[in-house]
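Below are the chains, spelled out letter by letter.
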Amino acid sequence: ARVGHDRFAVLIGGAEEERVVAFAERIAQRVRDLAIHHPRSQLARYVTVSWSVASEVPAATAEEPGLLEEAEARVSGSVLRDAPTSQDDLSADAG
């Protein structure tokens, strides 16, 4: 789902975190494989994908789980990273 001008979200229910991470890595790799030239970027010559994984089991009374906000915060704070560094920080720049 598109959640902003240049932001998309993939929501997956009931999947183990390892499978979600593998799926995100496949998306990033496929975008890299397309080699879409990005002449105005100051970060990379080609379009890249930054991704993050957030999970939550919402309470029965939860009105808004906040997963998108959590994922956005992780990506915004670590866009220049090349790979996940721990189980707690699964943000990565795929480019």
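Here's a quick rundown of the structure. (Residues numbered from 1 in each chain as written. Predicted model: local features only at pLDDT ≥ 70, side-chain atom pairs only at ≥ 80, totals over all residues. Heavy atoms only, no water.)

Some words on the overall build of the chain
In step 1: Within the chain, the regular secondary structure consists of 2 helices and 4 strands.
In step 2: Counting helices and strands in the order they occur from the N terminus, the chain gives β-β-α-β-α-β.
In step 3: Put simply, the chain has 95 residues, and 20% of those count as buried.
In step 4: A sequence separation of at least 24 residues applies to 43% of the contacts in the chain between residues at least 6 apart.
In step 5: Within the structure as shown, the chain displays about 7,300 Å² of accessible surface, and the carbon and sulfur contribution to it stands at 52%. (Helix = DSSP H or I, 4+ residues; strand = E, 2+ residues; numbered from the N terminus. Buried < 20%, exposed > 50% of the residue type's maximum accessible area, 1.4 Å probe, protein only. Contact = heavy atoms within 4.5 Å. Areas by Shrake-Rupley, 256 points an atom, 1.4 Å probe, with all protein chains shown as cover.)

Some remarks on the nonpolar core
In step 1: Among the nonpolar cores identified, the biggest contains 8 residues, and these are Val20, Val21, Ala24, Ala28, Val31, Val49, Trp51 and Val53.
In step 2: Ranked by residues supplied to this core, first place goes to helix H1 (residues 17-34) with 5 residues. (Core = buried A, V, L, I, M, F, W, Y, C linked by side-chain atoms within 4.5 Å.)

Points about a nonpolar patch on the surface
In step 1: A cluster of nonpolar residues, Val10, Ile12, Phe23 and Ile27, forms a patch on the protein surface that exposes about 310 Å² of accessible area.
In step 2: Looking at the secondary structure, you find Phe23 in helix H1.
In step 3: Among the residues examined, Phe23 registers a relative accessible area of 32% and is labelled partly exposed. (Patch = residues over 30% accessible without salt bridge, like charges linked within 9 Å, V, L, I, M, F, W, Y side chains within 5 Å. Salt bridge = Lys/Arg side-chain N within 4 Å of Asp/Glu carboxyl O.)

Digging into the environment of Gly66
In step 1: By secondary structure assignment, the location of Gly66 is in the loop between strand E3 (50-51) and helix H2 (67-76).
In step 2: Distance in space between the C-alpha atoms of Gly66 and Ser55 is 9.8 Å, their sequence separation being 11 residues.

A short note on H1
In step 1: Helix length check: H1 (18 residues) gives 26 Å between terminal C-alpha atoms against 26 Å at 1.5 Å per residue, within 8%.
In step 2: Listed in full, the buried residues belonging to H1 are Val20, Val21, Ala24, Ala28 and Val31. Summarising the axial view, the buried residues of H1 lie within an arc of 100°, below the 170-degree limit, and thus occupy one face. Turned more than 90 degrees away from the buried face of H1 sit Glu18, Arg19, Arg30, Asp33 and Leu34, all of them exposed.
In step 3: Buried residues along H1 sit against E3.
In step 4: Ala35 occupies a position one or two residues after H1 and carries a positive phi of about 50°. (Expected span 1.5 Å × (residues − 1). Arc of directions from axis to C-beta.)

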